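Residue-level structure breakdown
Letter by letter, the chains look like this.
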Amino acid sequence: MGILEFYKNKIILVTGHTGFKGSWLSTMLQIAGAKVVGYALKPEEESLYALSKAGQQMQSIEGDIRDFQHLQSVFQEYQPELVFHLAAQPIVRTSYEQPVYTYETNVMGTVNLLECVRTTPSVTSVLNVTTDKVYENREWAWGYRETDPLDGYDPYSNSKSCSELVTHSYKKSFFDAMGIAVSTARAGNVIGGGDFAKDRIIPDCIRAAMEEKEIVIRNPYSIRPFQHVLEPLCAYLMIMEQQTLSLEKQGYYNVGPEESDCITVGGLADLFCEEWKEGASWKNICDEGPHEAAFLKLDCSFIKNKIGWKPHWDIQKAVEKTVEWTKVYQAHGDIRACMENQINEFYKERVKL
């Protein structure tokens, strides 16, 4: 039996498939033999989606999650069985600059997606991917649990809190009676090869290192639950499989690293410089930007107990694999082969646990 055997030949809709996480997820599903349909905005000129050649093995549809009529036509045409909702405006700083767009995308986009699920008989299971930042952040020293209050501070975090509440309402109002499984996954900060986003620590480190410039760090003492991108994607796939087979497995799940891997932004930059070598270094420059939480941890006991997921690659390994991918990219190597090798290595090692 190959990895992810459950997904073979299933019709799966992935919103946001041209993004960082979406490209990795699409590649994983393709390896599994799924029939993948993607719905997302046109990718950036330089993107993991293009580099991974994910679009060559799936039905890719360019569209805006805010466009309900278009999204509904895609559901009607392809009749997906499973739906992964990743489409979002994902950057905190951008949410301060474009709050209306952020709420339209993250809240009404979720409403549109769930309404399409409600009116498409083929759909049996849906997962809404949100963020660890949905919680009312009290800057306390222990991890947030799924029962803690939702109330993100900035427009991005708050819009994702709203997305959670919309999902909860659709579940109670419609999906429970229809027998449709629905969960949300609140993942921590992810790193990995192919993230070209602005205002994210590892992409900023990579850009500076490749240009042989000193890395600029804004908030080196902020603590974040960093993990390799394959960690939450593995969790999403496990949640989807188990809730599809048994409705009792649906829920609202934190997905984060072990507490020992919740490190400061400066600590992550140190690990990157050590792995990159070539004289890489960083400096602290506080630019007095908009408010961002200084301290954030997740308690992941619930998903460990109910789904059986647990972190696999520690933060050192996560940085190592990110740099490994980037070195292949820098040398104009085979990106797809690198990704498939990392995915297969990840699952092969997980089986041994």
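Basis of the calculations
Residues numbered from 1 in each chain as written. Predicted model: local features only at pLDDT ≥ 70, side-chain atom pairs only at ≥ 80, totals over all residues. Heavy atoms only, no water. Helix = DSSP H or I, 4+ residues; strand = E, 2+ residues; numbered from the N terminus. Buried < 20%, exposed > 50% of the residue type's maximum accessible area, 1.4 Å probe, protein only. Contact = heavy atoms within 4.5 Å. Pairing = 2+ DSSP bridges. Right-handed = clockwise from strand over helix to strand, strands pointing away. Axes fitted to C-alpha atoms, helices over the stretch in contact; angles between N-to-C directions. Core = buried A, V, L, I, M, F, W, Y, C linked by side-chain atoms within 4.5 Å. Phe/Tyr/Trp six-rings, centres within 6.5 Å; stacked < 30°, edge-to-face > 60°. Lys NZ or Arg CZ within 6 Å of the ring centre and 35° of its normal.

Our focus in this paragraph is unusual backbone geometry. Here Glu212, not a glycine, exhibits a phi torsion of approximately 55 degrees, which is positive. When you line up the elements, Glu212 lands in the loop between helix H7 (201-210) and strand E8 (215-217). Positive phi outside glycine occurs at Lys277, with the angle close to 65 degrees. Structurally, the position occupied by Lys277 is in the loop between helix H9 (265-276) and strand E13 (282-284).

Attention now moves to H7. For H7, the buried fraction is high: 7 of the 10 residues fall into the buried class. Among the residues of H7, Ile201, Ile202, Pro203, Cys205, Ile206, Ala208 and Ala209 are the ones counted as buried. Turning to H7, the residues buried within the fold contact strand E7 (190-191), E8, H9 and helix H11 (315-330). With its phi angle positive at about 55 degrees, Glu212 sits one or two positions after the end of H7.

Looking now at the pairing of strand E5 (residues 125-129). If a strand is regular, its side chains alternate between the two faces of the sheet. Among the 5 residues in E5, 5 count as buried, and that is most of the element. Here E5 shows two buried faces, one formed by Ser125, Leu127 and Val129 and the other by Val126 and Asn128. When strand E4 (residues 82-85) meets E5, the two strands line up parallel, connected through 4 bridges. Each bridged residue has a counterpart across the sheet, and for Phe84 the counterpart in E5 is Leu127. In this structure, E5 lies alongside strand E6 (residues 181-187), joined through 5 bridges in parallel fashion. Residue pairing across strands places Asn128 opposite Thr184, the latter belonging to E6. Since E5 and E6 lie parallel, the crossover through helix H6 (residues 155-178) that links them has a hand, and here it is right-handed.

If you trace the 7 strands from one edge of the open sheet to the other, you get E3-E2-E1-E4-E5-E6-E11, paired in parallel fashion. Strand pairing shows two members of the sheet lacking a second neighbour, strand E3 (59-62) and strand E11 (252-255), which therefore form its edges. With strand direction ignored, the average angle separating the axes of adjacent strands in the sheet is 15 degrees. As judged from the 4 bridges shared by strand E2 (residues 35-40) and E3, these two strands associate in the parallel manner. Counted as the bridge partner of Gly38 is Ser60 from E3. The strands touched by helix H5 (residues 99-118) are strand E1 (11-15), E4 and E5; relative to E4, the strand with the most contacts, the crossing angle is about 180 degrees. Where H6 meets the sheet, it contacts E5, E6 and E11, and its direction lies at approximately 165 degrees from that of E6.

The biggest cluster of nonpolar side chains holds 56 residues, and the ones touching the most others in it are Tyr7, Trp24, Leu29, Phe84, Leu237 and Ile303. Residue contributions to this core peak at 9 residues, all from helix H8 (residues 230-245). Those residues within four positions of Phe84 in sequence are excluded, and the remaining contacts are Tyr7, Ile12, Leu13, Val14, Thr15, Leu25, Leu29, Leu127, Tyr236, Leu237 and Met240. Leu13, Val83, Leu113 and Val117 belong to the second largest nonpolar core, which has 23 residues in total.

This part takes up the side chain of Ser23. Considering the arrangement of structural elements, one finds Ser23 in helix H1 (residues 20-32). Under the relative-accessibility criterion, Ser23 is labelled buried at 0%.

Tracing the backbone shows Asp299 in the loop between E13 and helix H10 (301-306). Taking the relative accessible area as the measure of exposure, Asp299 reaches 25% and is therefore partly exposed. Measuring from C-alpha to C-alpha, the distance between Asp299 and Gln76 comes to 39 Å, with 223 residues separating the pair along the chain. With sequence-adjacent residues up to four places away left out, Asp299 is seen in contact with Gly143, Tyr144, Arg145, Glu146 and Asn254.

Most of E6 sits out of view: 7 of its 7 residues are buried. In E6, alternate side chains face the same way, and those of Ala181, Ser183, Ala185 and Ala187 on one face and Val182, Thr184 and Arg186 on the other are all buried. Taken together, the 4 bridges between E6 and E11 define a ladder with parallel strand orientation. Bridge pairing links Arg186 to Asn254 in E11.

Within the secondary structure, Val229 sits in the loop between strand E10 (227-228) and H8. Sequence-wise, Val229 and Gly22 are 207 residues apart; in three dimensions their C-alpha atoms are separated by 10 Å. Not counting the four nearest positions on each side in its chain, Val229 is found in contact with Phe20, Lys21, Trp24, Val190, Ile191 and Gly192.

A complete count under the given rule lists 12 aromatic pairs for this structure. Ring centres of Tyr170 and Phe175 lie 5.9 Å apart, and the angle between their planes is 45 degrees; on these two criteria the pair is classed as tilted. Like Tyr170, the residue Phe175 is buried in the burial classification. With a centroid separation of 5.1 Å and an interplanar angle of 20 degrees, the aromatic rings of Tyr253 and Phe302 are classed as stacked. With a gap of 49 residues between them, Tyr253 in strand E11 and Phe302 in helix H10 connect regions that are remote in the sequence. Put simply, the rings of Phe6, Tyr7 and Phe84 touch in pairs and so form one group of aromatic residues. Sitting above the plane of the Phe6 ring, Lys10 keeps its charged end 4.2 Å from the centroid. One Lys or Arg, Lys327, reaches over the ring of Trp276 and ends 3.8 Å from the middle of that ring.

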